[in-house]
Structure formats: structure tokens, C-alpha cells
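Structural description and commentary
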Amino acid sequence: MPTSFNQSVIAEFRANAGKVGGPFAGGDLLLLTTTGARSGRPHTTPLGFVRDGELLLVVGSNLGGPHHPGWYHNLLAHPVVQVEIGTATYDALAVPAEGTNRDELFERCVRAAPGYADYAARTERQLPVVILQRPEPDGWQPPTEVTTLADKLMEVHTWLRAQLLHIGAEVDAHFAARGAHNGPAEPPPALGLQIRQRCLAFCQGLEFHHTSEDAHLFPGIAARHPDLTDVFAQLAAEHATVARIQDELASLLADITLSDPHRFRAEVARMSAELNAHLDHEEDHLLPLLTHIPWPPPAPSPTP
């Protein structure tokens, strides 16, 4: 769809609590905001969607064009997306479906919106079906109350630990499926897009957290506590170690179809050991210093 048309639909959607007219009148429509694979800038696209239980499905039809739409390439590079439905806005993890699951979900989409079959007939490519699911790992519960910077740090650390556990469980399940495979059916893929998207989202969240600490949190605390110079030097060294493992994981995720699953499993285990030790070390030294700093920060006083 032309950009000017998209912008008019987006404006109408946001002005009318998700209701629009024209070709989308009466249909299920959401706004999907992805991060540009090359630009790093946000891009918002109006898309029809289909509900599958608690999940939302979107199809990369591109009106039956020969190439996948730009938003699909964006979510492969940045799996965490923003979804707007009605007046609700939330983050989601975007996971392209694979194999027979993709085929079943596409049929589900065609039953709900027969036009997808027409788009599929116009092109030789397989239309991707993307599942929009919760970005949080199973069983993760945020702290009930975040009132200090110490609470906020623990919220992020708890999320990182839970993501690693979730990724490890998915990798173990994948290896169990590979071990149980027999017969003429196609074996499980090298790793799978579910694992790729979850792990890539974790790596990007971890990178953002450590970059923020290096640029803001650590220098601010170090300036007030020169006696902790050795502690911050050690934390910086741990950040560098974790970053190297993160780079290894990212290189393995670059082409999921060729990744060595045994090497990937070993790198996830190494990340788990190094990161958990680092988080423990950071909490031991920093939490006592952050318990009296309010979060969110108070608004600055107006200038007289």
C-alpha cells in the first residue's frame, strides 16, 4: 500500500479507537510497528489479522506481490514489535510459523479471510504467517511494585534470567524432538524460528540494558563512590565477556537453517553461566546503593 494511504489509515485508526472505513470497514485491523532492519527507525503498518485463541496471526501477503513485505524483513531483524488494537497498545514477540504449523495456520487465515488464497495464487512465494505472542517468557511475573531504582534493576534482571531459562527449555525440547525422530517424515529443522526470535529478542534486550548501564548508571554511581573503582572495573570486564558470547549467539542466529544446534546449545549454556554470575555480582554491590533512589525519577522542578 502507498505510504500516503497507509498514513491516512493510521490517522483514522488512532482517531476512532481502531475503527476505519474504506476497504477495511468492518474488518479486523491492527497497527504493527516494527523497527527498520537497516534504518533502526520505527515503521507502522495497518494489517488485517486473524485470532487464533489468545494469539494474533498476520500474513505477509504483500497483495500477492513477488517479495515479502518490508515489515516482515524488519521483524526478522528485530523480533519485538508493537501492536495497536482498538485503544490498546502493547509489545509482542513476532514469530513466523514453520512447516505443517504454518500450513494449518494459513488455512485458518483463509477461512477467516478468503482473500489470502487469492494473494497466494498470484505469487510463487509462500506467504509467511506470523504469530504475535507475549514477549515475556512463560511463568515470568514482574515485581508487584517498583518504587526504587533497586526495584527496577531487579525487574530487568528477573526478566533476563527468565528469558534464559525459557530459551534453554525450548532448546532442550528441540533436542528431545530430534532424538525422538524416526521414520520417513521430515526431521526437525536445525533450530527453528521460535528459538531464533526468542533468543534474538533476549540478546537485543540484554545489549540495551548493558549499554544503558555503561553510559548512565555506572558512571553516575562511580562518581559518588570512588571506593568502588575496582568493582566497576570488574563489572565492565564482565560486560565485555557477556558481549562476546552474545556476538557468538547472534552469528549463529544469522542463518538459522545452517546453525549447528550443538554449538548453539553450548553457547546458551555459557551465556547462562556467565550472565547469572554477573547479575549476582552486580546485585551484591549495587542494590544497597539504589534502594533509596526513587523510580521513576521525579519530574524536574519548573524553572522560576
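Residues numbered from 1 in each chain as written. Predicted model: local features only at pLDDT ≥ 70, side-chain atom pairs only at ≥ 80, totals over all residues. Heavy atoms only, no water.

1. Here we look at the packing of aromatic side chains
The geometry of an aromatic ring pair is captured by two quantities: the separation of the ring centres and the angle between the planes. In total, this model carries four aromatic pairs according to the counting rule given. Taking the ring centre of F106 as reference, the NZ or CZ of R102 above it sits at 4.6 Å. Between the NZ or CZ atom of R265 and the centre of the ring of F175, over which it lies, the distance is 4.2 Å. (Phe/Tyr/Trp six-rings, centres within 6.5 Å; stacked < 30°, edge-to-face > 60°. Lys NZ or Arg CZ within 6 Å of the ring centre and 35° of its normal.)

2. Things to note about the sheet that holds strand β7 (residues 129-133)
If you walk across this open sheet you meet the seven strands as β2-β1-β5-β6-β7-β4-β3, and the pairing is antiparallel. Bordering the open sheet on either side are β2 (42-48) and β3 (50-52), each of which pairs with just one other strand. Neighbour-to-neighbour, the strand axes of this sheet turn through a mean angle of 35°, independent of strand direction. (Pairing = 2+ DSSP bridges. Helix = DSSP H or I, 4+ residues; strand = E, 2+ residues; numbered from the N terminus. Axes fitted to C-alpha atoms, helices over the stretch in contact; angles between N-to-C directions.)

3. Notes on the pattern of salt bridges
The final tally for this structure, using the stated rule, is nine salt bridges. A salt bridge links E84 to R14; its shortest N-O distance comes to 2.7 Å. Highlighted residues: E84 in strand β5 (residues 80-85) and R14 in helix α1 (residues 3-15), separated in sequence by 70 residues. Note that R161 and D280 form a salt bridge whose closest N and O atoms lie 2.7 Å from each other. With R161 in helix α5 (residues 149-180) and D280 in helix α8 (residues 261-290), the pair connects residues that are 119 residues apart, well separated along the chain. (Salt bridge = Lys/Arg side-chain N within 4 Å of Asp/Glu carboxyl O.)

4. Topic: the nonpolar core
C199, F202, L206, L249, F264, M271 and L275 are the most contacted members of the largest nonpolar core, which totals 24 residues. Looking at this core, the elements with two or more residues in it are α5, α6 (193-224), α7 (229-253) and α8. When residues of this core are assigned to their parent elements, the largest contribution, seven residues, is made by α6. Not counting the four nearest positions on each side in its chain, M271 is found in contact with L164, F202, L206, V242, I245, Q246, L249 and N276. Core analysis: the second largest hydrophobic core is formed by 16 residues, L30, L56, Y72 and L132 among them. (Core = buried A, V, L, I, M, F, W, Y, C linked by side-chain atoms within 4.5 Å. Buried < 20%, exposed > 50% of the residue type's maximum accessible area, 1.4 Å probe, protein only. Contact = heavy atoms within 4.5 Å.)

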